[in-house]
2 protein chains.
Amino acid sequence: MSYSIVERGSRFTMDYRVFFTDSQQNVISPFHDIPLYPSSSDQSVCNMVVEIPRWSNAKMEISTQEKMNPIKQDVKKEKPRFVKNVFPHHGYIWNYGAFPQTYEDPKITTPDTGCKGDSDPLDVCEIGYKVHPRGSVIQVKILGTLALIDEGETDWKILAIDVTDPLAEKLNDIEDIDKHMPGFLKATVEWFKIYKMPDGKPENTFAFDGEAKNKEYALKVVEECSKQWKDLIGKNVECDSIKCENTTVAGSPYKIENQEANACVENHPALQEAEVLGPEVDKWYYAILPPVEGSLTTPLSTGFKVKSRSSPWFPRSKQDGDEFWQKDFFIMV
Amino acid sequence: MSYSIVERGSRFTMDYRVFFTDSQQNVISPFHDIPLYPSSSDQSVCNMVVEIPRWSNAKMEISTQEKMNPIKQDVKKEKPRFVKNVFPHHGYIWNYGAFPQTYEDPKITTPDTGCKGDSDPLDVCEIGYKVHPRGSVIQVKILGTLALIDEGETDWKILAIDVTDPLAEKLNDIEDIDKHMPGFLKATVEWFKIYKMPDGKPENTFAFDGEAKNKEYALKVVEECSKQWKDLIGKNVECDSIKCENTTVAGSPYKIENQEANACVENHPALQEAEVLGPEVDKWYYAILPPVEGSLTTPLSTGFKVKSRSSPWFPRSKQDGDEFWQKDFFIMV
């Protein structure tokens with residue numbers, strides 16, 4: 001099956017939407033109508049829906065709250081949200097997206113993390129060399145996973161690589177990433193820890209002390225989230241505010257006709273010129289971290305673990321006279 | 001004076017050109033006709049011509065070899081040249097460009113470096129937060145300089161910041177960069193050292209052991225290169241293959257009429273759609289460096305200084321079984 005997108009509204013505004021269509025140009029849901037596994041014989045390869053191309057920072061995601069689940073831009077303080085660039089990174093450092101037909105149920109506690117799901121499809125970081133456009137549906141090979149704890153919720157990040165990438169055949173498990181892409185896994189952990197800090201939020205934490213789990217573990221996470229989605233789409237659990245309309249899921253009480261699905265697109269304004277962005281979206285923010293090796297004698301008030309702060313990216317410790325663009329991004333040591 | 005650009009040909013092809021015009025839409029040379037100093041009373045602020053916007057990697061530069069000196073893309077192996085992305089960086093990490101009315105004379109040896117000039121206008125790295133489009137002419141405040149030695153030639157890189165940047169008033173000399181943008185200066189040195197390595201070239205070296213010189217020193221470099229340009233444009237020295245046609249330089253034997261300058265644009269094909277780029281230009285390349293601290297017992301055959309390899313970006317040393325996308329990028333330790 002090949003998929004296409006239909007864009008509506010004006011990119012980088014609140015009315016922008018990316019709908020998905022099948023090969024007959026009928027509207028489908030990228031959340032519910034794209035199979036998780038392209039082949040039933042190999043559960044280590046999954047379809048992935050690309051929401052945020054590498055090196056971009058507009059926070060676009062599949063809307064679980066809108067019928068047919070188009071991609072839309074997240075909103076913050078009544079404006080389209082852009083994730084801040086934290087030096088030395090530019091935007092997202094992978095193609096970022098979601099696995100279709102997966103769900104992290106907010107009522108279920110993950111035993112290994114002790115936290116509940118975040119009520120979204122499972123997130124994926126695709127680490128291949130190509131930049132994939134928003135709305136692409138690509139096949140990826142699963143390599144491992146990180147367990148981000150986002151404001152008390154489990155938010156798994158699956159690490160995977162495009163099956164067409166030249167490195168795909170050499171990357172078979174989590175430890176292979178550092179062999180072929182030295183520093184990349186460390187940068188990934190660092191990125192997730194700090195990316196909300198320029199907005200004044202605390203450092204994100206991880207379960208397992210930030211250690212990435214291997215492929216076997218990741219496959220179980222995917223399988224579990226597939227199961228939770230099946231319970232959702234089959235109405236074994238309440239959908240709450242999640243929109244479950246779909247056109248292809250056999251037995252789902254939310255299944256609708258193509259005509260009804262297609263009508264959703266027409267409710268949105270036609271595609272227009274993208275909004276011209278101000279220079280602020282390109283700003284680089286900086287972090288100052290405590291000294292790398294053991295010169296701290298008291299615990300940090302912000303709860304940082306000293307061990308986790310020994311970042312390769314920000315080798316410098318705070319000095320008298322330091323000032324920053326954002327006061328609330330000033331890290332006390 | 002405000003300047004505009006006129007694009008010709010198809011971007012990312014060999015026939016692409018960016019010509020410059022003055023406020024009367026007459027063609028000028030960005031090399032010779034834009035004054036170096038916007039105000040004669042303050043030599044620490046210069047005009048800068050932006051050739052490569054931050055986070056891009058098409059190697060565009062003012063052509064010294066073509067009449068009216070349009071920007072064109074550098075050519076490598078008969079193809080337009082793209083600089084490789086070396087992890088964790090995306091493209092150039094500053095707005096990169098040149099100071100007009102400056103020249104590094106290849107016949108003159110710089111006493112402090114012992115090397116001759118590279119026969120180009122002086123290069124500038126603008127470190128402000130805005131991404132400036134190719135062909136912009138902006139005013140920048142000079143902060144310091146690095147003395148890159150490129151294949152035996154002196155190739156000064158002036159560090160400067162857009163005068164309209166909110167940080168400009170806080171950055172007054174080289175040491176202020178690390179206060180407000182921790183890690184950035186170190187990343188800059190690292191970037192220049194390694195950026196040609198994915199193409200199989202050795203690490204670049206710097207005079208002064210990679211230490212950045214301060215503002216006072218940088219101002220002298222600019223002044224010296226201004227003088228060398230004056231000798232060039234006044235024909236006190238031979239121009240060799242450098243095209244010195246200009247429309248504004250009083251007393252220059254190369255001064256021509258607007259009509260002749262304007263005709264240069266017409267010799268190039270009209271602006272067309274940009275070439276669609278393959279995914280290769282987005283590839284990320286990785287370096288593996290020797291251990292940071294003194295475990296090397298013999299000199300490196302490639303001539304690397306151990307001290308200079310203690311990069312914060314690539315904290316990992318070589319391990320058995322390491323392989324890379326480019327064999328010639330494999331650094332032996």
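The residue numbers shown here count from 1 along each chain, following its written sequence. Numbering of ligands from 1 and lettering of chains from A proceed in the order in which they are written. Reporting in this predicted model follows two pLDDT cut-offs: at least 70 for local features of residues, and 80 or more for side-chain atom pairs to be given and counted; totals over whole chains, interfaces and linings ignore these cut-offs and use all residues. Side-chain metrics in this entry use all non-hydrogen atoms of the structure; hydrogen atoms and water are not considered.

Caption draft 1: Broad picture of the side chain of Ser 56 of chain B. Residues and elements named next belong to chain B. What counts as a helix is a DSSP run of H or I of at least four residues, what counts as a strand is a run of E of at least two, and both are numbered from the N terminus. Mapped onto the fold, Ser 56 is located in the loop between strand 4 (45-52) and strand 5 (60-62). Among the polar contacts listed, one links the side chain of Ser 56 to the backbone oxygen of Pro 53, at a separation of 2.7 Å. Contact definition: two residues touch when any of their heavy atoms are within 4.5 Å. The contacts of Ser 56, once residues within four sequence positions are left out, are Gly 91, Tyr 92 and Arg 134. Identification of polar contacts relies on pairs of N or O atoms within 3.5 Å, with a donor-acceptor requirement for protein atoms, meaning one able to donate a hydrogen and the other able to accept it, and with residues adjacent in sequence counted only if both atoms are side-chain atoms.

Caption draft 2: Region of interest: the pairing of strand 10 (residues 95-98) of chain A. Residues and elements named next belong to chain A. Side chains Asn 95 and Gly 97 project from strand 10 onto one buried face, and the interleaved Tyr 96 and Ala 98 project onto a second face that is buried too. Note on pairing: two strands pair once DSSP finds at least 2 bridges between them. Summarising the sheet, strand 4 (residues 45-52) and strand 10 pair through 3 bridges and their orientation is antiparallel. Bridge pairing links Val 50 to Gly 97 in strand 10. Bridge count between strand 10 and strand 12 (residues 123-126): 4 bridges; the pairing is antiparallel. Relative accessibility thresholds used throughout: buried, under 20% of the residue-type maximum; exposed, over 50%; partly exposed, between the two (1.4 Å probe, protein chains only).

Caption draft 3: Broad picture of helix 3 (residues 215-233) of chain B. All names here are of chain B. A helix is expected to reach a length of 1.5 Å times the quantity of its residues less one. Its 19 residues give helix 3 an end-to-end C-alpha distance of 27 Å, which sits within 8% of 27 Å, the value for a rise of 1.5 Å per residue. Inspection of helix 3 places Lys 215, Tyr 217, Ala 218, Val 221, Val 222, Cys 225, Ser 226, Gln 228, Trp 229, Leu 232 and Ile 233 among the buried residues, and these make up the whole buried set. Buried residues along helix 3 sit against strand 4, strand 13 (137-150) and strand 14 (153-162). At the N-terminal boundary of helix 3, the capping side chain belongs to Asn 214, with an oxygen 3.3 Å from the backbone nitrogen of Glu 216. Once helix 3 ends, the next one or two residues include Lys 235, with phi positive near 60 degrees.

Caption draft 4: Inspection of the side chain of Lys 215 of chain B at higher detail. When you line up the elements, Lys 215 of chain B lands in helix 3. Residues scored as positive are Lys and Arg, those scored as negative are Asp and Glu, and His as well as the terminal groups of each chain are ignored. For this document, the term salt bridge refers to a Lys or Arg side-chain nitrogen within 4 Å of an Asp or Glu carboxyl oxygen. With no salt bridge to any partner, buried Lys 215 of chain B finds its closest opposite charge in Asp 42 of chain B, at an N-O distance of 6.5 Å.

Caption draft 5: Fine view of the state of the cysteines. We call a pair of cysteine sulfur atoms a disulfide whenever their separation is within 2.5 Å. Applying the stated criterion across every chain, the model contains 0 disulfides over all chains. The cysteine Cys 115 of chain A is free of any disulfide, with Cys 225 of chain A supplying the nearest cysteine sulfur at 14 Å.

Caption draft 6: Structural view of the environment of Thr 110 of chain A. All names here are of chain A. Summarising the element assignment, Thr 110 is placed in the loop between strand 10 and strand 11 (116-117). Here Thr 110 falls in the buried class, since its relative accessible area comes to 19%. The spacing of Thr 110 and Val 221 is 111 residues in sequence and 9.6 Å in space, taken between C-alpha atoms. With residues near it in sequence (within four places) discarded, Thr 110 still touches Cys 115, Thr 154 and Trp 156.

Caption draft 7: Seen up close, the pairing of strand 14 of chain B. Residue and element names in this part refer to chain B. Counting buried residues in strand 14 gives 9 out of 10 residues, a clear majority hidden from the surface. Two elements, strand 11 (residues 116-117) and strand 14, share 2 bridges in a ladder whose sense is parallel. Directly across from Gly 117, in strand 14, lies its bridge partner Thr 154. In this structure, strand 13 lies alongside strand 14, joined through 10 bridges in antiparallel fashion. Each residue of the ladder has a partner; that of Thr 145, found in strand 14, is Ile 158. Connecting strand 13 to the antiparallel partner strand 14 that follows it, the hairpin turn spans 2 residues, and Glu 151 within it adopts a positive phi of roughly 50 degrees.

Caption draft 8: Geometry of the pattern of salt bridges. Residue and element names in this part refer to chain A. What the rule picks out here adds up to 32 salt bridges over all chains. Of the charged contacts, one joins Glu 260 and Lys 67 as a salt bridge, the two residues approaching to 2.6 Å between their closest N and O atoms. Of this pair, Glu 260 sits in helix 4 (residues 258-266) while Lys 67 sits in the loop between strand 5 (60-62) and strand 6 (71-73), and the two are 193 residues apart along the sequence. What makes Glu 260 partly exposed here is its relative accessible area of 37%. Assessed through its relative accessible area of 29%, Lys 67 is described here as partly exposed. Its salt-bridge partner being Lys 157, residue Asp 155 comes within 3.0 Å of it at the nearest N-O pair. The exposure class of Asp 155 is buried, given its relative accessible area of 5%.

The analysis is restricted to geometry; functional conclusions fall outside its scope.
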